[in-house]
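Secondary and tertiary structure notes
Single-letter residue listing:
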Amino acid sequence: MKVFDVAVVGATGLVGRKMIQVLEERKFPVGKLRPLATARSVGKTVEFNGKRIHVEELTQNSFQGIEIALFSAGASVSKEFAPHAVNAGALVIDNSSAFRMVDGIPLVVPEVNAKEIFHHKGIIANPNCSTIQMCVALKPLHDKWKIRRVVVSTYQSVTGAGQKGVNQLYAEIEEEDSYEKKFPHPIAYNVLPHIDVFADDGYTREEHKMVFETKKIFGDETIKISPTCVRVPAVGGHSESVNVEFEKHFELEEVFETLHHAPGVIVQDDLKQNIYPMPIWAHEKDDVFVGRIRRDESTKNGLNLWVVSDNLRKGAATNAVQIAEVWITHK
Ligand code: L14
C-alpha cells in the first residue's frame, strides 16, 4: 500500500497533538511523521503508533520529501511557511484563518463540498470550528428546504483558545495566583461575548468567519447568517443554538429523518430521558451531535436546533485528516 510522509506544523499545540492522534486512530497511511514546531518546542517529543518522535524546528527547509503538511500554528506561521511546503511538493491542509477566504483556495467540510478537494493548487483550507459543525448539521436540511436565514449563538469551549485558554480556566477554579491570562476577563463562573478580535463593525472576527465561510462552503451567497459567538467555561466542545428559516415548508418528522441519515451527524433528542447534545458527551468524538429539534412557531418555516461537537476533532483535526483521506483516494 502507498504511504505518505506527513508533517504536522504546530505539533505540540492542542490541535497539532490531536491531529497526530487522529492520524493514528484512523490508520492514515503515514510513512514518516515529521512533527514541527517553533524553536521553543524543540526537545519535546510526540507519540505516534507507539514510537516517540522528536519535534523538529520549523524552517523553510522542513518540507523536503513531505507529501502532506497539516498546519495548525496560527495564521502568521501558515502565511510564512505554507508556500515553502507547497514548493517542496506537499499538499498543505491549513487549519488557520490565513487562506480560508482566498479565491481559488478550497475551503472544505467533506460532508458538504468534498469535490472541491480536487481543485486545489497546493493549499486546502480547513474551516473555523464553529462553522464546520454548523455546516455539517445544516447541509442536508439546506439541500431539502433551502435556508433563507440563520440566527446562531455559540457557546464555545476554552480549548478553542489553545492550552493557555484551558490553563486559565483551571487556574481560576483552583484559585492559583500566578498564571498567564489568555482571556481579557475571568472565564471560570463567567461567560464572555467575545471570541477572537473585534472588527470595525462591532462584530468579532469569529462571527465574521461564520458568515463568510458558511457561504463559501455552501457555494451559496444568498444564505443570511446572524451570529453571536460566546466563550463559556466548557472544555469538551462547542455548542450552538441555531435558528433556521427555510424557503420551503417542512414536516418535523422529515427533519428528524433527514438528520438521522445525514453523514457525520448523530441525533440526540429524547426529552423523556433528558437526552440532548452536551460538550461532556461530544468530547473525544468525531461526530456532530444535534438535538432539541423543534419548530420555531414565531415564523414561517422556522426550525430550532442545538448542535454540539468536539472543536478540536471535527472542528479541527478530524476534518483536516478527513480531507487528506479523500485526497489520497485519487493518488
Ligand atoms: O479561526 O478562540 O479557527 O475558540 C478557532 C478557535 C479562532 C479562535 C479559528 C477560539 C480559531 C477560536
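Residues numbered from 1 in each chain as written. Predicted model: local features only at pLDDT ≥ 70, side-chain atom pairs only at ≥ 80, totals over all residues. Heavy atoms only, no water.

**Things to note about the overall build of the protein chain**
Tallying secondary structure elements over the protein chain gives nine helices and 14 strands in all. For 331 residues, the compact-globule estimate of 2.2 N^0.38 gives 20 Å, and the C-alpha radius of gyration of the protein chain, at 20 Å, lies within 12% of that figure. Taking the principal axes of its C-alpha atoms as reference, the protein chain extends roughly 60 × 55 × 45 Å. A buried classification covers 53% of the 331 residues belonging to the protein chain. (Helix = DSSP H or I, 4+ residues; strand = E, 2+ residues; numbered from the N terminus. Rg over C-alpha atoms; globule rule 2.2 N^0.38 Å. Buried < 20%, exposed > 50% of the residue type's maximum accessible area, 1.4 Å probe, protein only.)

**Comments concerning the site of the ligand**
Taken together, Arg100, Asn128, Cys129, Gln156, Gly160, Ala161, Ile195, Glu206, Lys209 and Arg231 make up all the residues around the ligand. One nitrogen or oxygen atom from the side chain of Arg100 is found 2.8 Å from an oxygen atom belonging to the ligand. A distance of 2.6 Å separates an oxygen atom of the ligand from a polar atom in the side chain of Lys209. In isolation the ligand exposes 310 Å². Once the protein is present, 81% of that is buried. When grouped by side-chain class, the residues that make up the shell around the ligand number three nonpolar, three polar and four charged. (Near = heavy atom within 4 Å. Polar contact = N/O pair within 3.5 Å; in protein donor to acceptor, adjacent residues only side chain to side chain. Areas by Shrake-Rupley, 256 points an atom, 1.4 Å probe, with all protein chains shown as cover. Nonpolar A, V, L, I, M, F, W, Y, C, P; charged D, E, K, R; others polar.)

**Some points on helix 9 (residues 313–328)**
The largest bend along helix 9 measures about 40 degrees and falls at Asn319. Along helix 9, 14 of the 16 residues are buried, which leaves the element largely enclosed by surrounding structure. (Bend = angle between axes of the 7 residues up to and from the residue.)

**With respect to the nonpolar core**
In this structure, Phe63, Leu138, Val150 and Leu305 are the most contacted members of the largest nonpolar core, which totals 55 residues. At eight residues, helix 4 (residues 129–145) tops the list of elements feeding residues into this core. Once residues lying within four places of it in the same chain are set aside, the contact partners of Val150 are Met134, Leu138, Ile223, Lys224, Ile225, Ser226, Val242, Asn243 and Val244. Judged by nonpolar contacts, the second largest core, of 42 residues, contains Met19, Leu33, Val166 and Ala317. (Core = buried A, V, L, I, M, F, W, Y, C linked by side-chain atoms within 4.5 Å. Contact = heavy atoms within 4.5 Å.)

**Quick look at the sheet that holds strand 11 (residues 238–246)**
Taken together, six strands build an open sheet; the order of strands is 10-9-11-14-13-12 and the sheet is mixed. The open sheet is flanked by strand 10 (224–228) and strand 12 (265–267), the only strands paired with a single partner. Across the sheet, the mean angle separating the axes of adjacent strands is 25 degrees when strand polarity is ignored. Across eight bridges, the pairing between strand 9 (residues 147–155) and strand 11 is antiparallel. (Pairing = 2+ DSSP bridges. Axes fitted to C-alpha atoms, helices over the stretch in contact; angles between N-to-C directions.)

**Things to note about a nonpolar patch on the surface**
On the surface, a cluster of nonpolar side chains totalling about 370 Å² of accessible area is made up of Tyr170, Ile173 and Tyr189. When you line up the elements, Ile173 lands in helix 5 (residues 163–173). (Patch = residues over 30% accessible without salt bridge, like charges linked within 9 Å, V, L, I, M, F, W, Y side chains within 5 Å. Salt bridge = Lys/Arg side-chain N within 4 Å of Asp/Glu carboxyl O.)

**Things to note about the environment of Pro277**
With respect to the helices and strands, Pro277 occurs in the loop between strand 12 and helix 8 (279–282). Between the C-alpha atom of Pro277 and that of Gly291, which follows or precedes it by 14 residues, the distance is 5.9 Å. Setting aside residues up to four positions removed in sequence, Pro277 forms contacts with Gln268, Phe289, Val290, Gly291, Trp306 and Val308.

**Quick notes on a negative patch on the surface**
A cluster of acidic residues, Glu174, Glu175, Glu176 and Asp177, forms a negative patch on the protein surface. Mapped onto the secondary structure, Glu174 falls in the loop between helix 5 and helix 6 (205–218). (Lys, Arg positive; Asp, Glu negative; His and termini not counted. Charge placed at Lys NZ, Arg CZ, Asp CG, Glu CD.)

**Quick word on the sheet that holds strand 1 (residues 4–9)**
An order of 5-2-1-6-7-8 is seen for the six strands of this open sheet, with the pairing classed as parallel. The open sheet has two edge strands, strand 5 (56–57) and strand 8 (123–125), and neither has a second partner. Relative to strand 2 (residues 30–37), strand 1 runs parallel, the two sharing five bridges. Following the sheet pairing, Val8 is matched in strand 2 by Pro35. On the sheet, helix 2 (residues 75–87) packs against strand 1, strand 6 (68–71), strand 7 (91–94) and strand 8 and is oriented at approximately 175 degrees with respect to strand 6.

**Looking at the packing of aromatic side chains**
Evaluation of the coordinates by the stated rule reveals six aromatic pairs. Aromatic pair Phe63 and Phe71: ring centres 5.8 Å apart, planes at 20 degrees, arrangement stacked. In this structure, Phe63 and Phe71 share a single accessibility class: buried. Ring geometry for Phe246 against Phe250: centres 5.5 Å apart, planes inclined by 75 degrees, an arrangement best described as edge-to-face. Phe250 carries the same exposure label as Phe246, and that label is buried. Members of the aromatic cluster, connected to one another through ring pairs, are Trp145, Phe246 and Phe250. Sitting over the face of the ring of Phe4, Lys2 holds its NZ or CZ atom 4.4 Å from the ring centroid. Between the NZ or CZ atom of Lys181 and the centre of the ring of Tyr179, over which it lies, the distance is 4.4 Å. (Phe/Tyr/Trp six-rings, centres within 6.5 Å; stacked < 30°, edge-to-face > 60°. Lys NZ or Arg CZ within 6 Å of the ring centre and 35° of its normal.)

**What to know about the pairing of strand 7**
Walk down a regular strand and you will see the side chains alternate between the two sheet faces. Residues Leu91 and Ile93 line one face of strand 7 and the alternating positions Val92 and Asp94 line the opposite face, and both faces are buried. Pairing between strand 6 and strand 7: four bridges, direction parallel. Looking at strand 7, one finds that Leu70 is bridged to Ile93. One crossover worth recording links strand 6 to the parallel strand 7 by way of helix 2, and it is right-handed. Where strand 7 lies against strand 8, three bridges are found, and the strand directions are parallel. (Right-handed = clockwise from strand over helix to strand, strands pointing away.)

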